[in-house]
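Secondary and tertiary structure notes
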Amino acid sequence: MPVATETETLPIAPQVIAAARSWIGTPYRHQASLKLIGADCLGLVRGIYRELYCREPEPAPAYSADWAEASAVETMAEAARRHLLEIGLDDLAAGDVALFRWRDRCPAKHAAIMTSATTMVHAQRGSTVCEIDVTSWWRRRVAFAFRFPERA
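Residues numbered from 1 in each chain as written. Predicted model: local features only at pLDDT ≥ 70, side-chain atom pairs only at ≥ 80, totals over all residues. Heavy atoms only, no water.

Some points on the overall build of the chain
What the chain contains, in helices and strands, is five helices and eight strands. Tracing the chain from N to C terminus, the helices and strands come up as α-α-β-β-α-α-β-β-β-β-β-α-β. Considered along the principal axes of its C-alpha atoms, the chain spans approximately 55 × 35 × 25 Å. Out of the 152 residues belonging to the chain, those deemed buried represent 45%. Restricting the contact set of the chain to residue pairs at least 6 apart, pairs at least 24 apart contribute 57%. When the accessible surface of the chain is split by element, carbon and sulfur atoms take 57% of a total near 8200 Å². (Helix = DSSP H or I, 4+ residues; strand = E, 2+ residues; numbered from the N terminus. Buried < 20%, exposed > 50% of the residue type's maximum accessible area, 1.4 Å probe, protein only. Contact = heavy atoms within 4.5 Å. Areas by Shrake-Rupley, 256 points an atom, 1.4 Å probe, with all protein chains shown as cover.)

Right under this line is the structure:
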């Protein structure tokens, strides 16, 4: 009988946090999803999903930097619903995915991984993947919250 490793027996949240932190320092690259090579915010979440479940959640379509402004559709939230568990904003915790709106009445177009109640890892243009404080500016912009499902 195979013996489970410590990583295999951990609840999903600590694995998500460890995976997210392992991307810190990855340069920002639009549409990319390669640890230490390049990632945008969606690429970061896709890469963590691949690490957890050993597969890509779904092919990511090509998208422009202003894709959300060109559409009123919640494209990112709809994709997250297909692969993650939607939770209430008040339930957002370490290991969860937060989606943000840059402006009211625009679709959510930024994603981050919560590493605690007050910190997150994200990829943003002009920076490398980094862990930052979730200030009131960020809190006001959270539009959706999702949780990675436990692995079977």
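We are not done yet, so read on.
So, the packing of aromatic side chains
A complete count under the given rule lists six aromatic pairs for this structure. For the ring pair Y49 and Y53, a centre distance of 4.5 Å and an interplane angle of 50° mean the geometry is tilted. Of the two residues, Y49 and Y53 both sit in helix α3 (residues 41–53), four residues apart, roughly one turn of that helix. The pair Y49 / Y53 is uniform in exposure class, with both members buried. With 5.0 Å between their ring centres and 75° between their planes, F100 and W138 make a pair best called edge-to-face. Of this pair, F100 sits in strand β4 (residues 97–100) while W138 sits in helix α5 (residues 136–141), and the two are 38 residues apart along the sequence. Residue F100 shares its accessibility class with W138, and that shared class is buried. A network of ring pairs unites the aromatic residues F100, W102, W137 and W138 as a single cluster. (Phe/Tyr/Trp six-rings, centres within 6.5 Å; stacked < 30°, edge-to-face > 60°.)

Digging into the pattern of salt bridges
Applying the stated criterion across every chain, the model contains eight salt bridges. Put simply, E56 and R46 hold a salt bridge, and the shortest N to O gap is 2.4 Å. With E56 in the loop between α3 and α4 (75–83) and R46 in helix α3, the pair connects residues that are ten residues apart, well separated along the chain. The exposure class of E56 is partly exposed, given its relative accessible area of 25%. (Salt bridge = Lys/Arg side-chain N within 4 Å of Asp/Glu carboxyl O.)

Considerations on the confidence of the model for the chain
Confidence in the prediction of the chain, expressed as mean pLDDT, is 90, and 90% of residues score 70 or more. Counting contacts from residues 1–9, a segment whose pLDDT is below 50, to residues more than four positions away or on other chains yields five contacts. (pLDDT = per-residue confidence, 0-100.)

Details of the nonpolar core
One finds I48, V97, L99, I113, F146 and F148 to be the most contacted residues of the largest nonpolar core, which totals 30 residues. Every element with two or more residues in this core is listed here: α2 (12–22), α3, α4, β4, β5 (110–114) and β8 (142–147). Examining the composition of this core, we find that seven residues originate from one element, α3, more than from any other. Among all residues touching I48, those that are not within four sequence positions of it are V16, A19, A20, W23, I113 and F148. Core analysis: the next-biggest nonpolar cluster, separate from the first, contains eleven residues, A98, A112, M114 and W138 among them. (Core = buried A, V, L, I, M, F, W, Y, C linked by side-chain atoms within 4.5 Å.)

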